[in-house]
Amino acid sequence: MGAVVVGVLAVELYSLARRYGRNYVLKEINLTVSAGKTVILRGDNGAGKTTLLRVLSTRLKPSRGGGKVYGYDLVRQADEVRQRVIYLPVFGGHYPMMSALENLQLAARLSQQRVAGAELETQLEQVGLLDVRHKLVRTFSSGMKKRLMLARLRLSQARLWLLDEPYTALDEQGQGLVDELLLSAKAQGKTVMMASHELKRAEALADSILAVAQGRLSHYRQREAVYG
Amino acid sequence: MAEPSWVLAIAAKDLRQEVRSKAVTVATLFFSAIVLFILAFSLGPGEAFLRNAAPGVLWVALAFAGVISAAQSYQSELEENALEQLLLYPIPRAVIFLGKLLANWLFMSALGLLILPVTAVLFNTGLGQAWWWLLAVILLGTLGFSLIATFYAALTANLRARESLLPVLMFPVVIPVLLAAVRATGEIVRLGDLAVAQDWLKLLLGFALVYLVICTAIFHFVVEE
């Protein structure tokens, strides 16, 4: 209440609610996140973390209330929001009958990025998939698919990263890759909102940890400059 | 980068996956062959009767194969939740529709061109002297059909009963296209009046243009949640 905000706002949500049928998964969400901050969402399964991230990604429309991402309205200016946001779900988001390289090429093209083939291979190398870049994704393990998602994240120029359980399915080295990405995002001034149960790993990188329970947000732990 | 390149990227993605999995190709070829063989066997051997039935049988086979093709094009998007990602790229929704339409149309046209000579042989009918007009009928008829099929397949993609709902919803809308395609094919194959066939072709073109404008304009309503 009455928070003083200095600098660019990455996320503004006011009285936001979202329901599936008659069941309200999110109720009265009010949140303001300054650009460049890393926010962790924690909460039990079904608490509404994924729904909140999907609303911010524009995939779901708010049932009530509204919000903005970098000043653009989530509903009326959804195209502008999508140019500034990348959302990585827990699983999926790629085509199993295409190779890792083809999936990344498609992602770059549809994200309106001109990326050379060598750059794509570099990103795949960084996540440990260079040797299997021509193999179909259907032959990949869950962890390898997750690494492919990380390659897409590395390639992205989005200013707001929405990550749903980014550590899931990854081995220790893969989880280290996520940590590196979060650190580089912070260094580049990107904003990160991340749902995670891996609090011990994530909290060292977080500016704030928010608890989602029964469709509402509350502060779990806060360092600075995240206002709710 | 211009928008046509996004449309081509989405169409190429769908076709590339189909070339590798062959899921729809095998199903539609097998289905079309069964329909043609059974109907040729049951309607024969009277030559005039077979000749009259051939256009209808051709388009029945194509229509059911087209439903399978359109439904599968969204099924592959749902397998790894890829549709969700596709909808999050900063591209207009119409681009997604046009890309999937292009892939479905190319596939259905190729199927039509493949089973056309098979139908001619099985039903003991030639392709007519103006056989090149048949190519135009196949291209325009499958375009009109693919427009409706691609749109309704998106509408039903997230429903539990999508396999049964897709034909129930789309066939009443697509019947004018099928009737025009059957009549145009019949006039050409039976060496009838080419001017009449051309009138039916103009109608097919009109249907395709109207459906193209409407489906492209309202596609975003279909995929929003």
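Look up: the structure comes first, before these words.
Quick caveat, the model's predicted, so the values are computed rather than measured.

So what about the overall build of chain A? Which residues, and what values?
Along the backbone of chain A there are seven helices and 11 strands. For 228 residues, the compact-globule estimate of 2.2 N^0.38 gives 17 Å, and chain A sits close to it at 17 Å. The dimensions of chain A, computed from C-alpha atoms along their principal axes, are 55 × 35 × 35 Å. Residues classed as buried in chain A amount to 55% of the 228 residues present. Within chain A, residue pairs in contact and separated by at least 24 positions form 68% of the contacts whose partners lie at least 6 positions apart. Per element, the accessible surface of chain A, about 10100 Å² overall, is 45% carbon and sulfur. Each charge class in chain A was averaged separately, 33 positive and 21 negative side chains, and the resulting centres sit 7 Å apart.

Would you mind going over the pairing of strand β3 (residues 38-42) of chain A in detail, with residue names and values included?
All names here are of chain A. Counted residue by residue, β3 has four buried out of five residues, so it is predominantly covered. Here β3 pairs with strand β8 (residues 191-195) via four bridges, running parallel. By the bridge assignment for β8, V39 is matched with M193. Looking at chain direction, β3 and strand β9 (residues 208-213) are connected through four bridges and run parallel.

I'd like a description of the packing of helix α2 (residues 23-43) of chain B against helix α5 (residues 93-122) of chain B, backed by residues and values.
All names here are of chain B. Where α2 meets α5, the closest approach of the two axes is 11 Å, and the angle between their N-to-C directions is 25°. Between α2 and α5, the crossing angle belongs to the class labelled roughly parallel. The chirality of how α2 crosses α5 is right-handed. On the side of α2, the interface is formed by V24, T25, T28, L29, S32, L36, F37 and A40, while α5 contributes F107, L111, L114, I115, V118, T119 and L122. Along the lines of polarity and charge, the residues of the contact of α2 with α5 split into 11 nonpolar, four polar and no charged.

Give me the lowdown on the packing of α5(B) against helix α8 (residues 194-223) of chain B, citing residues and values where you can.
Residue and element names in this part refer to chain B. Following both chains from N to C, one finds α5 and α8 inclined at 120°, their axes separated by 8 Å at the closest point. Both α5 and α8 take part in a crossing whose hand is right-handed. Across the interface between the two elements, R93, A94, I96, F97, L98 and L101 from α5 touch L212, C215, T216, F219, H220 and V223 from α8. Counted by class, the contact of α5 with α8 contains nine nonpolar, two polar and one charged residues.

Before we move on, could you go through the side chain of R147(A) and cite the residues and values that matter?
Residues and elements named next belong to chain A. Tracing the sequence through the fold places R147 in helix α5 (residues 142-155). Since its relative accessible area comes to 9%, R147 is described here as buried. At 2.9 Å, the side chain of R147 forms a polar contact with the backbone oxygen of V127. Other than its neighbours up to four places away in sequence, R147 contacts V127, G128, L129, L170, D171, Q173, G174 and L177.

Describe in detail the nonpolar core, supporting the description with residues and values.
In this structure, L110(A), F145(B) and M170(B) are the most contacted members of the largest nonpolar core, which totals 74 residues. Residues contacting M170(B), with those up to four places away along its chain left out, are V67(B), F145(B), I148(B), A149(B) and Y152(B). Residues I86(A), L104(A), V137(A) and M149(A) belong to the second largest nonpolar core, which totals 37 residues.

Any details on the environment of K186(A)? Residues and values, ideally.
All names here are of chain A. Mapped onto the secondary structure, K186 falls in helix α6 (residues 172-187). Leave out the neighbours within four places in its chain, and K186 touches G36, T38, L205 and D207. A distance of 2.8 Å separates polar atoms of two side chains, one belonging to K186 and the other to D207.

Explain the interface of chain B and chain A residue by residue, including any values.
Counting from both sides, the interface comprises 27 residues of chain B and, opposite them, 32 residues of chain A. Together, the buried faces of chain B and chain A total about 3000 Å²; carbon and sulfur atoms form 55% of this surface. If you sort the residues of chain B by the area they bury against chain A, E80(B), L88(B) and E225(B) come out on top, with a joint share of 24%. Inspection of the chain B/chain A interface yields five salt bridges. E84(B) is paired through a salt bridge with R54(A); the nearest N and O atoms lie 2.7 Å apart. One can count 10 residue pairs in polar contact (both at pLDDT 80 or more) joining chain B with chain A. Taken together, the elements giving at least two residues each to the side of chain B that touches chain A come down to α1 (3-21), α3 (47-79) and α4 (82-86) of chain B. The leading source of residues in the side of chain B that touches chain A is α1(B), at nine residues. Grouping the constituent residues of the side of chain B that touches chain A by class yields 12 nonpolar, five polar and 10 charged.

The rules behind these values
Residues numbered from 1 in each chain as written. Chains lettered and ligands numbered in written order. Predicted model: local features only at pLDDT ≥ 70, side-chain atom pairs only at ≥ 80, totals over all residues. Heavy atoms only, no water. Helix = DSSP H or I, 4+ residues; strand = E, 2+ residues; numbered from the N terminus. Rg over C-alpha atoms; globule rule 2.2 N^0.38 Å. Buried < 20%, exposed > 50% of the residue type's maximum accessible area, 1.4 Å probe, protein only. Contact = heavy atoms within 4.5 Å. Areas by Shrake-Rupley, 256 points an atom, 1.4 Å probe, with all protein chains shown as cover. Lys, Arg positive; Asp, Glu negative; His and termini not counted. Charge placed at Lys NZ, Arg CZ, Asp CG, Glu CD. Pairing = 2+ DSSP bridges. Axes fitted to C-alpha atoms, helices over the stretch in contact; angles between N-to-C directions. Parallel < 35°, antiparallel > 145°, perpendicular 65-115°, else oblique. Left-handed = near helix turned anticlockwise from the far one by under 90°. Nonpolar A, V, L, I, M, F, W, Y, C, P; charged D, E, K, R; others polar. Polar contact = N/O pair within 3.5 Å; in protein donor to acceptor, adjacent residues only side chain to side chain. Core = buried A, V, L, I, M, F, W, Y, C linked by side-chain atoms within 4.5 Å. Buried area = accessible area lost by both parts, 1.4 Å probe. Salt bridge = Lys/Arg side-chain N within 4 Å of Asp/Glu carboxyl O.

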